[in-house]
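Residues per chain are reported as follows:
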Amino acid sequence: MNARSPIKLALIATASVAMLVTAGCAGRGNQAKDTAFVARDVDTLYMAAKDRLDRGDTKLAAALFDEVERQHPYSPWARRAQLMSAFSYYVARDYTKAIQSAQRFLSIHPGNRDAPYAYYLIGLSYYEQISDVSRDQKITRLALDSMNEVVRRYPGTRYAADARLKIDLVNDHLAGKEMEIGRFYQRSGRWLAASLRFRNVIDSYQTTSHTPEALYRMVESSLAIGVPAEAQKAAAVLGSNYPGSEWYKKAFDLMQKYAPNTPAA
């Protein structure tokens, strides 16, 4: 889940350019000078942070943007620096601090024109931490919630357009987790528990790529616990929606072998 999307790259360029100022470049001292955080005028301090970001020294850039807010909290630069701090942490893959900085920006400036991007940045920071389906999916659900929040609040924006794509991918990931657990229960002979997981995929993630297999697994589980009528229902739905799939062929063969005379629901 770490691939950078085209819209994300465009947003990175946009965010960087949008924060440029007409003042001349200043503050190009060495790193020791930068990290001293001595009192500086806001223009010099902001441009030092921007310079570090341009050089790819993202963690130091984030710290300097934080210093802009600390030293000049009532300056218009402080608002810009808060968001640029979040952006810098995100680029540095320090997602926890990126989320914290973006949330701080939103708590202080909820109606700011850059609020959509701040919400989107939070979603991205969760999204890029999504782990494989064998691990806990708490972060995945936080990514889903955050992306849904972008769509809910700013449905007509380009951020929402990209969020919708990522919501589909996140749902597919969550469905994959349910399938993994369900297959584990099957291997353990816990057929009822397995069928509940597969049912959840069918009911909650029916537009994902896992639905055909979930229906087939429902056929398997239902036959195993002696409920051929339920198996027939699942097979019928599978045949109606995915008639040419390998999963339907396997389900059809199972029904012919173990419950050939089960009436259609």
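A short tour of the structure in this document, coming up. (Residues numbered from 1 in each chain as written. Predicted model: local features only at pLDDT ≥ 70, side-chain atom pairs only at ≥ 80, totals over all residues. Heavy atoms only, no water.)

Observations concerning the nonpolar core
- Judged by nonpolar contacts, the single largest core of 73 residues is most densely connected at Tyr46, Phe65 and Val219.
- Beyond its immediate chain neighbours, meaning those up to four positions away, phenylalanine 65 contacts Tyr46, Ala49, Lys50, Leu53, Ala81, Met84, Ser85 and Ser88. (Core = buried A, V, L, I, M, F, W, Y, C linked by side-chain atoms within 4.5 Å. Buried < 20%, exposed > 50% of the residue type's maximum accessible area, 1.4 Å probe, protein only. Contact = heavy atoms within 4.5 Å.)

Points about the side chain of serine 245
- Within the element layout of this structure, serine 245 appears in the loop between α12 (228–241) and α13 (246–258).
- A residue is classified by how much of its surface remains accessible, and serine 245, at 18% relative accessible area, is buried.
- For serine 245, the side chain forms a polar contact with the main-chain nitrogen of tyrosine 248, separated by 3.1 Å. (Helix = DSSP H or I, 4+ residues; strand = E, 2+ residues; numbered from the N terminus. Polar contact = N/O pair within 3.5 Å; in protein donor to acceptor, adjacent residues only side chain to side chain.)

Notes on a nonpolar patch on the surface
- Together, Leu192, Leu196, Ile225 and Val227 give the surface a local cluster of nonpolar side chains, amounting to about 360 Å² of exposed area.
- Considering the arrangement of structural elements, one finds isoleucine 225 in the loop between α11 (211–224) and α12.
- Take isoleucine 225: its relative accessible area is 40%, and that puts it in the partly exposed class. (Patch = residues over 30% accessible without salt bridge, like charges linked within 9 Å, V, L, I, M, F, W, Y side chains within 5 Å. Areas by Shrake-Rupley, 256 points an atom, 1.4 Å probe, with all protein chains shown as cover. Salt bridge = Lys/Arg side-chain N within 4 Å of Asp/Glu carboxyl O.)

Describing the packing of aromatic side chains
- On inspection of all chains with the given rule, the structure shows nine aromatic pairs.
- Relative to tyrosine 95, the ring of tyrosine 90 lies with its centre 6.1 Å away and its plane at 55 degrees, an arrangement referred to as tilted. No difference in accessibility class separates tyrosine 90 from tyrosine 95, as the two residues are buried.
- Ring centres of tyrosine 248 and phenylalanine 252 lie 6.3 Å apart, and the angle between their planes is 50 degrees; on these two criteria the pair is classed as tilted. Separated by four residues within a single helix, tyrosine 248 and phenylalanine 252 lie in helix α13, roughly one turn from each other.
- Overall, phenylalanine 252 belongs to the partly exposed group, its relative accessible area being 41%.
- Just above the ring of tryptophan 77 sits the side chain of arginine 80; from NZ or CZ to the centre is 5.3 Å.
- The side chain of lysine 166 reaches across the aromatic face of tyrosine 127, ending 5.4 Å from its centre. (Phe/Tyr/Trp six-rings, centres within 6.5 Å; stacked < 30°, edge-to-face > 60°. Lys NZ or Arg CZ within 6 Å of the ring centre and 35° of its normal.)

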